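Structure at a glance
What follows is each chain in one-letter form.
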Amino acid sequence: MFDEISRSIDEFGNSLLGALNNVQNAFGRELSVAKPIKENVLQMIGNTPLIRLNQIGSHIPNVEIYLKAEFCNPTGSVKDRTALSMILAAERRGELKPGGSVFQAGYNTTAISLAWISTIRQYKFKVFLAPDTEQEKIKELKSYGATVEVVQLAKGNWDDSLLETAKAAKEKEKGSVILNEFKDMANTNAHFLFTGPEIWRDLAGNVDAFVAGGGSGGTLSGVGRYLKSKKPSLRVIMGVSKNSRFIRKMVQGDSSIRLPESFDPKVTDQYIGVDRDEALRYQSELYQKEGIFAGLTTGTTLASAIHYAESLPTRDDQKTPSYKIIVLSPDRL
């Protein structure tokens, strides 16, 4: 009797493992669920979980809200995906070779990810910073292996001047590249190829809306493009602060504003702006009610998602499938 039970358990385990391996073969190694052992730490990037919210949004009938927990990436940011994609693309183009240098203008979470990945792949990484950059941010960059140069610039022209400084450094150093997430389509493609398919896979295609922030627009554009290719009726919402350049350009019609090249406005169905106090409240509630510690950007996108969910037609009929909204949580800071 015991042998029969043991044999049945073994057969079930083998069939389950076979099914998981079939999933792995269908989606590729990047989406592997059957092999938890990683060949290197860069394979820790991606395959972030979806976390269902049980308290926040519970007042809205028959709606389910999930966080795409990008803070689970190694440096705590979705920008690990962006940085790796840009570096690999530069390698494929032959612009970045062993021992080469990567330059970045200004501090952001992408600079952290670039510093980390450059160190792993044994590239030199240098970031040019404005004089008012906080010392904690400089220490953080250095801890990830970055060389930091604070550039003395005229106030008001820092972004352009930092980029010009980086370009001048590139001209002097052979084998160096400037990686710019606002122009590099490898940014958007990373989310079309991986982040979007992960969401679709994990919810078996039962996705109705996707909400993400602005920034470079690459995450929203890549994920949104993929999900719409699978389900054209799906809604893509950008949730940002009320004074965001995306709101000023796309909603208020300010033609003087130039949006990032990595952003595809055709993908976005709706823009929702929220104020800082509301974003802070939802950031706090996310921890107090759900036990999730995430950044202010998540508070902003979550507030936007709640506004969107509250605007939907009432779904009191429990026989109707729940309306599933995915909110991208980009980082833990």
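In case you missed it, the structure is sitting above this.
What comes next is a walk through the structure. (Residues numbered from 1 in each chain as written. Predicted model: local features only at pLDDT ≥ 70, side-chain atom pairs only at ≥ 80, totals over all residues. Heavy atoms only, no water.)

Across its full length, the chain holds ten helices and ten strands. Among the 333 residues that make up the chain, the fraction classed as buried is 48%. In the chain, the proportion of contacts linking residues at least 24 apart, taken out of those at least 6 apart, comes to 70%. A total of about 16900 Å² of accessible surface is found on the chain, and carbon and sulfur atoms cover 51% of it. (Helix = DSSP H or I, 4+ residues; strand = E, 2+ residues; numbered from the N terminus. Buried < 20%, exposed > 50% of the residue type's maximum accessible area, 1.4 Å probe, protein only. Contact = heavy atoms within 4.5 Å. Areas by Shrake-Rupley, 256 points an atom, 1.4 Å probe, with all protein chains shown as cover.)

All right, on to the pairing of strand β3 (residues 101–105) then. With four of its five residues buried, β3 lies for the most part within the structure. Pairing geometry for β3 and strand β4 (residues 124–129), over five bridges, is parallel. When the bridges of β4 are listed, Val102 appears paired with Phe125. Bridge count for β3 against strand β6 (residues 176–178) is three bridges, and the pairing is parallel. Looking at the pairing, Phe103 lines up with Ile178 of β6. (Pairing = 2+ DSSP bridges.)

Below, the discussion takes up a nonpolar patch on the surface. On the surface, a cluster of nonpolar side chains totalling about 240 Å² of accessible area is made up of Val41, Met44 and Ile120. With respect to the helices and strands, Ile120 occurs in helix α3 (residues 109–120). (Patch = residues over 30% accessible without salt bridge, like charges linked within 9 Å, V, L, I, M, F, W, Y side chains within 5 Å. Salt bridge = Lys/Arg side-chain N within 4 Å of Asp/Glu carboxyl O.)

For any two helices packed against each other, the geometry comes down to the angle between their axes and how far apart the axes lie. One can describe the packing of helix α2 (residues 79–92) onto helix α6 (residues 185–202) by two numbers: an axis separation of 8 Å at closest approach and a directional angle of 125 degrees. Classified by the angle their axes make, α2 and α6 are oblique. Where α2 crosses over α6, the two elements pack in a sense that is right-handed. Contact with α2, carried on its side by Arg81, Thr82, Ser85, Met86 and Ala89, involves Ala186, Asn187, Ala190, His191, Phe194, Thr195 and Glu198 of α6 and no other residues of that element. In the contact of α2 with α6, the residues fall into five nonpolar, five polar and two charged. (Axes fitted to C-alpha atoms, helices over the stretch in contact; angles between N-to-C directions. Parallel < 35°, antiparallel > 145°, perpendicular 65-115°, else oblique. Left-handed = near helix turned anticlockwise from the far one by under 90°. Nonpolar A, V, L, I, M, F, W, Y, C, P; charged D, E, K, R; others polar.)

Along the polypeptide, Thr268 turns up in the loop between α8 (245–251) and β9 (270–274). Ignoring any residue separated from it by four or fewer positions in sequence, one finds Thr268 in contact with Leu220, Val236, Met238 and Phe263.

Here we come to the sheet that holds strand β7 (residues 209–212). The strand order across the open sheet built from six strands is β1-β2-β10-β7-β8-β9, with neighbouring strands paired in mixed fashion. In the strand order of this sheet, the two ends are held by β1 (50–52) and β9, each with one partner. Neighbour-to-neighbour, the strand axes of the sheet open up by a mean angle of 25 degrees, direction not taken into account. Both β7 and strand β8 (residues 235–241) contribute to a ladder of four bridges, which runs parallel. Across the sheet, the residue bridging to Ala212 is Met238, located in β8. Along the sheet, helix α7 (residues 218–230) makes contact with β7, β8 and β10 (323–329), crossing β7 at roughly 175 degrees.

Once that is clear, we can look at the packing of aromatic side chains. Tallied over the entire structure, the rule returns four aromatic pairs. An angle of 75 degrees between the planes, with centres 5.0 Å apart, marks the rings of Phe246 and Phe263 as edge-to-face. With a gap of 17 residues between them, Phe246 in helix α8 and Phe263 in the loop between α8 and β9 connect regions that are remote in the sequence. Exposure class is identical for Phe246 and Phe263. Each is buried. (Phe/Tyr/Trp six-rings, centres within 6.5 Å; stacked < 30°, edge-to-face > 60°.)

Moving on: the pattern of salt bridges. In the structure shown here, the tally under the stated rule is 22 salt bridges. Arg121 serves as the salt-bridge partner of Glu91, at 2.9 Å between the closest nitrogen and oxygen. Placement of the pair is Glu91 in helix α2 and Arg121 in the loop between α3 and β4, with a sequence separation of 30 residues. Look at Glu91 and you get partly exposed, because its relative accessible area is 21%. Note on Arg121: relative accessible area 32%, which makes it partly exposed. Salt-bridge contacts for Lys124 lead to Glu173; the nearest nitrogen and oxygen are separated by 3.7 Å. One end of the pair, Lys124, is in strand β4; the other, Glu173, is in the loop between α5 (158–172) and β6, with 49 residues separating them in the sequence. Overall, the relative accessible area of 27% leaves Glu173 in the partly exposed class. Each of Lys68, Glu70, Arg81 and Glu198 takes part in one network of salt bridges that share partners.

In this section: the nonpolar core. Leu53, Val63, Ile65, Leu286, Tyr308 and Ile325 are the most contacted members of the largest nonpolar core, which has 27 residues in total. Of all the secondary-structure elements, those providing two or more residues to this core are β2 (63–69), β7, β9, α9 (276–290), α10 (296–311) and β10. Residues within four places of Leu286 in sequence aside, it is in contact with Leu53, Ile56, Leu67, Gly291, Ile292, Ala294, Thr298 and Leu302. One finds Ile45, Met86, Ile117 and Val127 within the second-largest nonpolar core, a separate group that totals 26 residues. (Core = buried A, V, L, I, M, F, W, Y, C linked by side-chain atoms within 4.5 Å.)

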